[in-house]
Amino acid sequence: MNDDKGARPRAVAAQVLDAVLHRGRSLKAELAQALPALADVRDRALVEAICFAALRQQARADAALRAWVPRPLGKRDGALRALLHVGFAQLDPLGLPPHAAVDATVGAARVLGRAHQRGMVNALLRRAQREGLPAASADGAWPVWLRERLRADWPDDYDAIVAASALPAPMWLRVNRLHGSRDDYAARLREAGIEAAGDDALPDALRLDVPVAVAALPGFDSGDVSVQDGSAQAVVEALAYSPGAPAAGRRVLDACAAPGGKAAHLLERDPSLRLTALDVDPKRIERVRETFARLGVGADAVLRAADAADPDAWWDGVPFDAVLLDAPCSATGIVRRQPDVLLHRRAADLDALPTLQARLLDAAWRVLAPGGVLLYATCSILHAENTGQVDAFLARTADAVVEPLDDRFGRMSGAGRQRLPGERDMDGFFYARLRKH
């Protein structure tokens, strides 16, 4: 690769986008593989910012290419198309200095082995600089079939949902109360020149409106703090909601635990909990183990690679006092954090999810002790996965009773609470608290 300082990170961003846009790869996975190869933390931050911006405005960039390129780009031009998205994103919305952005992106064409297309890249980026990218509707990134479902579920909130989902999200932190108080950590951030705000409903949370690199967070490596959205932190608040919070020493199951943030949060709040964490993927259970090790929790926790929907394969027959079921879902509430969700979801995939969620709910109920509490949560905003799922469970489960949550957890939605993307600066999330009689 050419060692041109500006061109190389643009080329890396184009390679990541090419894999995400054209080969169905996960943005998170591609960035995890690509970023460590960049020695300069500023280059890593630039690549990440470019990729997120490019995916959020994919519809505008594609409209520009349709209007400005006489002959449509073919399958062999995936890297070129990705590089043009990289260039457009730097001009708008990132607003980088145009001369440097254009020159570095043109240089990246050579790094990618496309020196013969530098003239085309230069011409298109100069045009974007002069004219701006064409306008596109806020929902242009959403597949038509998913737009229809979203509009049917949230007719009055549809525009706000798609607008919020296209915006960058703030950075939320969870302070490890075993290592110090939230106020003390906020003071450490101020000393480091980082401004943060608390939230009255989330006692361990701090919000950074301007995200920073994890390496800039004081004490991150030693487990003083984690990065976790406010809505995800509220899962533990809902499980601990009075009355009936898991008492000291109680058995708690996190049925779909990876990567371990919510399980770790439970143990930060009460290290005496006898916690079992499951995930169907052994590699993901290792991530839970790594999370616990960094935070200094879970030394006595049971971590197992197992299918929570099949208790006969893993359960010892001793009921749990509380179960957290953060169920696999469409992730439609976190599009602003994972914009590639809109590229990878298929209607058939979403149609299959409620069946899996129902299996997990029934299995979780089976292992729950009488009097125990099950918290069902998703990062979805679709009724079929949330209100519809819980209503169907209640209809077939005679000993299940709803314990209503208050408005700290969003708006009323059937038997639970729904927060929509961007509300209180948080991700979209659903919560339902059920007690076994």
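Placed above this text is the structure.
Heads up: these notes are all about the structure in this document. These numbers were taken from a predicted model, which means no experiment stands behind them.

Any space left empty among the atoms is revealed by the rolling of a water-sized probe across them. By volume, the second largest pocket amounts to about 310 Å³. Residue lining of the second largest pocket: 21 residues in total, with R274, L275, D300, A301 and V302 positioned closest to the centre. Looking at the lining of the second largest pocket, the elements with two or more residues in it are β6 (274-279) and β7 (302-305). Here the lining of the second largest pocket is built from residues that sort into twelve nonpolar, four polar and five charged.

Attention now goes to the side chain of E237. Locating E237 in the fold gives a position in helix α11 (residues 230-239). With a relative accessible area of 11%, E237 lands in the buried category. Setting aside its immediate chain neighbours within four residues, E237 contacts A201, L202, P203, D204, H265, R269 and F409.

Tallied over the full model, the rule gives 35 salt bridges. D199 is paired through a salt bridge with R424; the nearest N and O atoms lie 2.8 Å apart. With D199 in strand β2 (residues 197-199) and R424 in the loop between β12 (416-419) and β13 (429-436), this residue pair connects regions lying 225 residues apart in the sequence. With relative accessibility at 39%, the residue R424 sits in the partly exposed group. Between D406 and R408 there is a salt bridge, with the nearest N and O atoms lying 3.1 Å from each other. R408 sits in the partly exposed class, given a relative accessible area of 31%. Salt bridges sharing common partners tie together K5, D40, R42 and D43.

Every buried residue of helix α9 (residues 158-165) is accounted for by Y158, I161, V162, A164 and S165. Buried positions in α9, seen along its axis, are confined to an arc of 165° and lie on one side of it. Those residues of α9 that are buried are in contact with α8 (144-153).

About the criteria used
- Residues numbered from 1 in each chain as written.
- Predicted model: local features only at pLDDT ≥ 70, side-chain atom pairs only at ≥ 80, totals over all residues.
- Heavy atoms only, no water.
- 1 Å grid on protein atoms, 1.4 Å probe; cavity = no way out; pocket = protein on both sides within 12 Å on 5 of 7 lines; lining within 4 Å.
- Points joined across faces, edges and corners; volume = space filled by probe spheres on them.
- Helix = DSSP H or I, 4+ residues; strand = E, 2+ residues; numbered from the N terminus.
- Nonpolar A, V, L, I, M, F, W, Y, C, P; charged D, E, K, R; others polar.
- Buried < 20%, exposed > 50% of the residue type's maximum accessible area, 1.4 Å probe, protein only.
- Contact = heavy atoms within 4.5 Å.
- Salt bridge = Lys/Arg side-chain N within 4 Å of Asp/Glu carboxyl O.
- Arc of directions from axis to C-beta.

Any link to function would need more than the numbers given here.
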